[in-house]
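# Summary of the model geometry
The residues making up each chain are set out below.
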Amino acid sequence: MEQTIHRKSATAESSSRQKNGSFFPPAHEHAGFFGKAPPAVIQRTVHSGEDHAGNYQFDDAACTLNYSQDWYYQFPSSMNASQQTAYMTAAENQVETVWSRKHKLRTSSGCPCSASGVDVNVNLNNHNEPRRDRHGFDVNVEQSSTTGFTNQPTRTITLADTHDVPVNMGAQTQQRIAHEFGHTLGITDEYVGWAALGFGHSDRTSIMHSGDDVRPRHYQHFADLISNELEGCIYRPEGFSSRALANPVTQLGITPAITLSEDPEFVIDLRLSRRIGSSDILGLVTPRAGFEMMLNTGSGNLMFGPTLDFSLNRLAHPLYVDIGTGLLYDPEDPRRPESLNIPLSATVGVRWSGFSAGVNYTGLIDVLGNSPYTHLLGVNLQFDLDR
Ligand SMILES: [Zn+2]
């Protein structure tokens, strides 16, 4: 969603002049060196939208990304009204102080805020009432539980009634509510075994491990929100150069595969896909639309058509799962009738910076009944084209 605020520069500047007590207009209001007239209108754009968990406003003149979530609390009967209020205040403090303004988001020249970078402000809105299908999270505070748990697809957080104070983790403490907030952004735990394949596995003071430190990699989701809003501009957290955690807009996939038949044939599958929209389904699954071409290198047969993919990127970084389908047309040739195939494919792989590799299975069903059901097994390589 985009909302443009057109301001008459005269009005805006004259009011700020009065405030500053200076008669002289700011330098940028003067005609340029070569007599170019100043623009009559300053265009400032606030890009706003929602992700699975909250909502955001990116102001490309102020260079701030304001990210907010609404939390709807359910307290145990053991907590009285003032304890509930104190708990919510503590939760807000944890989330906002741990997550706000920790790193800048940077972009290349020509894109908004390339000089200053973008500041991220995180804002938590507390509601001591049931959510009733409103956008946000259910927060169930329990008397007995000791560990926090976030269920991102259902937008539910379970907290202990002691989590308003930092949890003792041995050598250090952790603000557990701020840790759970990280999960609402789709960031996974760094202390688990498979995290050794990704980032932060030995970073004990990290907020997604056992400490309180928000690292540049944890800002990737905020960078993606702006990158998805501004076509052609890629934002990255300052201090994190890998693209492995980014959710790419455009990808090129190449899958060399063989048919699982008595007489195996070698097939090359090319697929160009683009993410649809800027929000992930359930906060986990990125829908992608594209175009696919499948070439049988033995016979020279070519089939092609549109595709629809669902990328599950955020379940266990850096592992990913892609599920895809489409409609591939194979034109008639002198030896064979035409066929119209529905591919069903699944890929499991690992993402690195700007590319990923995995194992792919594809089954092809000919809806015209002119060719047999075909199984393909291949190695899938995907390249991010946009970052
Ligand atoms: Zn966790």
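Predicted model only: the values in this text are computed from it and were never measured. (Residues numbered from 1 in each chain as written. Predicted model: local features only at pLDDT ≥ 70, side-chain atom pairs only at ≥ 80, totals over all residues. Heavy atoms only, no water.)

### Structural notes on the coordination of the zinc ion
The protein atoms that coordinate the zinc ion are His179 (NE2), His183 (NE2) and Asp189 (OD), at distances of 2.0 to 2.1 Å. Here the donor residues of the zinc ion are spaced in sequence according to H-x3-H-x5-D. The burial state of His183 is the same as that of Asp189; both residues are buried. (Donors = N, O, S within 2.8 Å, 3.2 Å for Na, K, Ca; no water. Buried < 20%, exposed > 50% of the residue type's maximum accessible area, 1.4 Å probe, protein only.)

### A word on the side chain of His52
Tracing the backbone through its elements, the reader meets His52 in the loop between β2 (41-50) and β3 (55-59). Here Gln152 takes part through its backbone oxygen, which lies 2.7 Å from a polar atom of the side chain of His52. Within polar-contact distance, the side chain of His52 engages the backbone oxygen of Leu282 at 3.3 Å. Excluding residues within four positions of it along the chain, His52 makes contact with His135, Gln152, Pro153, Arg155, Ser279, Asp280, Leu282 and Gly283. (Helix = DSSP H or I, 4+ residues; strand = E, 2+ residues; numbered from the N terminus. Polar contact = N/O pair within 3.5 Å; in protein donor to acceptor, adjacent residues only side chain to side chain. Contact = heavy atoms within 4.5 Å.)

### Examining the packing of aromatic side chains
Overall, the coordinates contain 11 aromatic pairs when judged by the stated rule. Ring geometry for Phe75 against Tyr87: centres 5.8 Å apart, planes inclined by 85°, an arrangement best described as edge-to-face. Of this pair, Phe75 sits in the loop between β4 (64-74) and α2 (81-99) while Tyr87 sits in helix α2, and the two are 12 residues apart along the sequence. Tyr87 shares its class with Phe75; the two are buried. Look at Phe199 and Phe240: their rings are 5.2 Å apart centre to centre, the planes differ by 75°, and that puts the pair in the edge-to-face class. Here the residue Phe199 occupies a position in the loop between α3 (176-184) and α4 (220-229), and Phe240 occupies one in the loop between β12 (236-237) and β13 (250-259), the gap between them amounting to 41 residues. Cluster of aromatic residues (ring-pair linked, three or more members): Tyr67, Trp99, Phe181, Tyr219 and Phe222. (Phe/Tyr/Trp six-rings, centres within 6.5 Å; stacked < 30°, edge-to-face > 60°.)

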